[in-house]
Amino acid sequence: MLNLVFLIPLLPLTGFLILGSLNNRLPKTIVSFVGCGTVLGSFVIVLTLLSGTLSGTITSATISYFDWIYAGDLNLKMSFLIDPLSVLMMTIITGVGFLIHVYSAGYMHEDSGFVRYFAFLNLFVFSMLLLVMGSNYVVMFAGWEGVGLCSYLLIGFWFKKDAYNDAAQKAFVMNRIGDLGFLLGMILIFTTFGSLDYDDVFKNATSVLTENSGVAIAITLLLFIGATGKSAQIPLYTWLPDAMAGPTPVSALIHAATMVTAGIYMVVRSNILYSLAPFTLDVILAIGLATALFAASMGLFQNDIKKVLAYSTVSQLGYMFFALGLGAFSAGMFHVTTHAFFKALLFLGAGSVIHALHHEQDIRNMGGLSKKLPITFLTFLTATLAIAGIPPFAGFFSKDEILAAAYERSPVLWALGLAGALMTTFYMFRLLFVTFFGTFRGTDEQKHHLHESPLVMTIPLMVLALLSIIGGFIGVPEVLGGSNFLKNFLSSVIIPYGEKHEHLSHSTEWILMTTSTLAVIATIIMAYVIFVVKKSVPAEDNKISGLQKLIYNKYYVDEIYDTLFSKPVTFLSKIFHSVVESKIVDATVNAVGKAVSASSKILRLSQSGNISYYLYVMVIGIILILFINNIL
Amino acid sequence: MSKLKENFNDKKMTAVIILSCLGIVSMLADIFSYKKALWYIVLAGVAGAIVANLNEKSNAIIYDMLLTDNYAIWFSTLILALVLLWFMVSKDQYESGVYNSSDNYALILFATVGALILTSFSDLTMMFLGIEILSIPLFILAGSNKKDVSSNEASLKYFLAGAFASGILLFGITFIYGSTGTFKLDKIADWANAAGSNLPALFYTGILLVMVGLAFKVSAAPFHFWTPDVYQGSPMFVTAFMATIVKGAAFAGFFRLFYTSFTSASGSWALILSILIAATILTGNIIAVYQSSVKRMLAYSSIAQAGYILLTVLLSNQEAKYALLLYIASYGVSTITAFTVLYHVEKIKGTDTFESFTSLSQTHPLLSVVMTIAMLSLAGIPPTIGFFAKFYLFSSVLKSNTSYLWLIMVSVAGSLVSVYYYFRVIIAMYGQHEPIISSEKKQIPAFYNVLLLLLVCVIIILGMMPDVLMSIDNL
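Residues numbered from 1 in each chain as written. Chains lettered and ligands numbered in written order. Predicted model: local features only at pLDDT ≥ 70, side-chain atom pairs only at ≥ 80, totals over all residues. Heavy atoms only, no water.

Draft legend 1. The overall build of chain A, seen in detail. Along chain A, the regular secondary structure elements total 25 helices and 2 strands. Structurally, chain A occupies a C-alpha span of about 105 × 65 × 50 Å along its principal axes. Going through the 632 residues of chain A one by one, you find that 56% of them count as buried. Taking contacts inside chain A between residues at least 6 apart in sequence as the whole, the part at least 24 apart equals 81%. The centroid of the 35 positive side-chain charges in chain A is displaced by 10 Å from the centroid of its 35 negative side-chain charges. (Helix = DSSP H or I, 4+ residues; strand = E, 2+ residues; numbered from the N terminus. Buried < 20%, exposed > 50% of the residue type's maximum accessible area, 1.4 Å probe, protein only. Contact = heavy atoms within 4.5 Å. Lys, Arg positive; Asp, Glu negative; His and termini not counted. Charge placed at Lys NZ, Arg CZ, Asp CG, Glu CD.)

In structure tokens:
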């Protein structure tokens, strides 16, 4: 089964090449067939790998194809690493990716850029697979840049709107700042280990790096800066809410389920390095937790259906980093998995609503949609229950594992984590109630056209809903009679960390679980009372004030960044332009140009067209040569 | 005749024999009226010559006059490949009825024989014969557009200047013979080695005069004056032939002579040569800036490029052979491509000025892309072969002798200037939009589209994988 591995990224790449080169010349049916088919093909091959890893026939296999970069000490191979961690990611990418491709065939059907859309989407899947399959940091980086490019292209997919292009650019610039960190981290790894292969680096990590040494901290922090860019953590998170400018399935695939988890994958992949730098882990813990709380609070008052989900994504990503910071790497991966299911579902559900309302995204103009869009409603409800962490939905188990890990470290962290979860519950149910309950508040025109989405869109919703219900069972903790299957599955890749803490007793775990579940239910009831019983609808933009206004305007972070970074840089750039550029550089360059041009004008006259003159100059030349030779 | 057959069976000089016979066959085409098939015959013949050349018995000494070492075989192959390419791209010109293809093809083939001799001589007389066999057909070819005054003028100027240069070359050869008593390249080298630093004036004056003669052939300053006039007056593909194949062969001969015989005496000529190089690079690049005709610009560009290529002679070591092979290949392919595009543009628009390229990208997108890539390659910009050729050349000069840093700086400055005039073409094609006259929309035959695309592929693929040429053993 390993000899087909190369096809996994190659199929989507082929899809991209076919669609990209035959732009607009194919009927839409064939386009969707190629677009979805290639990803399905990869998914099938990934499933054989998955069964191989589950049965234990594949533990860790490196497959090399060719020398990619061979220069001096640097010998990089284009090679893939197949182990439980990469297979898990590949399953999510191709599986969820395939569902979203199918959904897109319906969602984007009327769009004039249909072919372009699928070409980009296929390219994205290719790059993302490269990112997780690479067996060295450079292949990962190539994929990392590839997904960044696709994200940029798809955020600005409707490039005729300036605001969307700005959003794309913002995402690109923010990611670029992070990428610089990643790149520096890679260089530092190379100078420290003399190699960028996971194999060489991880095997020698304990002998080369001492715990909490400067190098270990520098490497891990630099890599983490890369992760904050891609996975939208403080301080580089601001691009993700704006990235909602792209088509909704793109938000589901790239900005919720897969690409934004690349940072988590990278940290988990390098967990050996991170476990040698507890200081960095503490930083990650702080940033993850801060992001989780901060973004959740911003989600409380947003009125754009996709913006709420975007802040929720930032917040959940923060949660995952929180887990990583606690050293609970497998819990982080667990949450990546379940989050991929329910957040993709939430976005696709939101897409279905937007589709039904003809691109209306403001929840204040919705309401009462549950009857008109029953499938969308039921699946959305499932996902909301999952993200809120109601047992036995998927989110419950993964969140519980993180909270338990937090309690092991300190009850305060547990309480903060729970606060984040409660905020999440509140804004998610606010969203659900305001959108689907009550009476319809949109125009008559919209009301008239309300319709459930076609099967091609609802079937992916149903599949994801099923996954959001049962997805959590891959990591049932011991206290509930499970054996935490996922943790064992990943145990060959993730070395245990933080074992010095005492494990929680079963009774404590029961108490924590019950407390958090009860608190979540109380929050749901609160939301129900506010938005269903009292039927309150979020206020108009100009009627809000105080703290709510501060939060609604995202704490003015964008404005602060603008004042702190953009404006000084623009100012400096203006000075450089008017003084250095035009007075010094331009003047010099122009002078050189003029000198060349003037000498050309003069020298050109030597070409008189007169042959006897030419011969004369030749003779002079010979005489000069002999003369010079004699005097020297 | 029997000797010839013997040689042929012995795999000696096979390419030379094939080409000579092919030339005769070509001359007879008019009489036996197979002129229509001539192009195919010639193409097949040249292809055959390439195969024969690759199978040439290696390191054979032929009459003590030629030596088929690896250098000779590979440079001959390169030249034959360029000739094959030339026959393909020039088809249109010789089908236009203005030229008699059977005579012209014969002359080209004979000139090619001279080129092959120039890559493999081991004796000064053979070198001289090679140069003359190469030059004399060209005097006629330059004037082959009989009704065009400038073509006639080109022919006469080329002949006069060429005769003059041959005289000086012979003068130099005589001096060398006078001091060493031999024409054999290896014997001259032995003699110079034995003489050590104590070289008689007769000998190094001879070297300098030979250098001047050869510098004329490769159009180095200040012996370049004939070049712009002759290049501009000659028919387009004759110019292309002179700029690529003739120049390539002249360089192969130049390098062979100096590398084999005069390295130990380099103290007497290296400085002069480096001054010539600097002068050539500066003159060629600077005057090219002010041209209004693209053909004339390419003529000056060929002067400037000759300056870079001369660096290999200055270097005269093993690495320089690779640099030379790479550079001639790169320059040859790029220049032939540029001339082919120019030929079609001139045919469509009637002139060869920069203005004739204006908004070409709208009417002829493919031609524009091809021309752009050819210009990028000539300017030495990645990912084209032109970049790697320049890079390899400059870096091998610096590697072997850092005291030539100043010369490399001049070269790089010259390259910078060259970007200006190469890019003028690109800017004309893409930067300006002017209303299109419908007569200018005439497309070129599909055959040329395919050919040009292939050339572009060669330029780019060689640029990304230059190892193909670098992996030749023991050049």
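Draft legend 2. Inspection of the pairing of strand β2 (residues 74–82) of chain A at higher detail. All names here are of chain A. Of the pairings in the sheet, the one linking strand β1 (residues 61–71) to β2 comprises 9 bridges and is antiparallel in character. For Ala61, the partnering residue across the bridge sits in β2 and is Ile82. Where β1 hands over to β2, the hairpin turn is made up of 2 residues, of which Gly72 adopts a positive phi near 60 degrees. (Pairing = 2+ DSSP bridges.)

Draft legend 3. Representation of empty space enclosed by the protein within the structure. Residues and elements named next belong to chain B. Under the definition given, this model contains 7 cavities of 30 Å³ or more. Estimated volume of the largest cavity: approximately 120 Å³. Around the largest cavity, the lining comprises 14 residues; the ones closest to its centre are Val16, Asn53, Glu56, Thr68 and Ser120. When residues of the lining of the largest cavity are traced back to their parent elements, those giving at least two are α2 (14–27), α4 (70–89) and α6 (101–120). Taken together, the residues of the lining of the largest cavity break down into 8 nonpolar, 5 polar and 1 charged. (1 Å grid on protein atoms, 1.4 Å probe; cavity = no way out; pocket = protein on both sides within 12 Å on 5 of 7 lines; lining within 4 Å. Points joined across faces, edges and corners; volume = space filled by probe spheres on them. Nonpolar A, V, L, I, M, F, W, Y, C, P; charged D, E, K, R; others polar.)

Draft legend 4. Representation of the layout of surface pockets. Residues and elements named next belong to chain A. When its volume is computed, the largest pocket comes out at roughly 850 Å³. What lines the largest pocket is a set of 33 residues, and nearest its centre among them are Glu401, Glu408, Asn484, Lys487 and His503. Of all the secondary-structure elements, those providing two or more residues to the lining of the largest pocket are α15 (329–356), α17 (394–409), α21 (485–489) and α22 (506–533). The biggest single contributor to the lining of the largest pocket is α17, with 7 residues.

Draft legend 5. Layout of the environment of Ala404(A). All names here are of chain A. Position of Ala404 among the secondary structure elements: in helix α17. On the accessibility criterion, Ala404 (14% relative accessible area) is buried. Each C-alpha atom of the pair Ala404 and Met174 lies 33 Å from the other, and the pair is 230 residues apart in sequence.

Draft legend 6. Spatial organisation of the domain arrangement of chain A. One can read the domain layout of chain A as domain 1 (277–538) and domain 2 (558–631). The gap between the C-alpha centroids of domain 1 of chain A and domain 2 of chain A is 63 Å. (Domains from an automatic or database assignment.)

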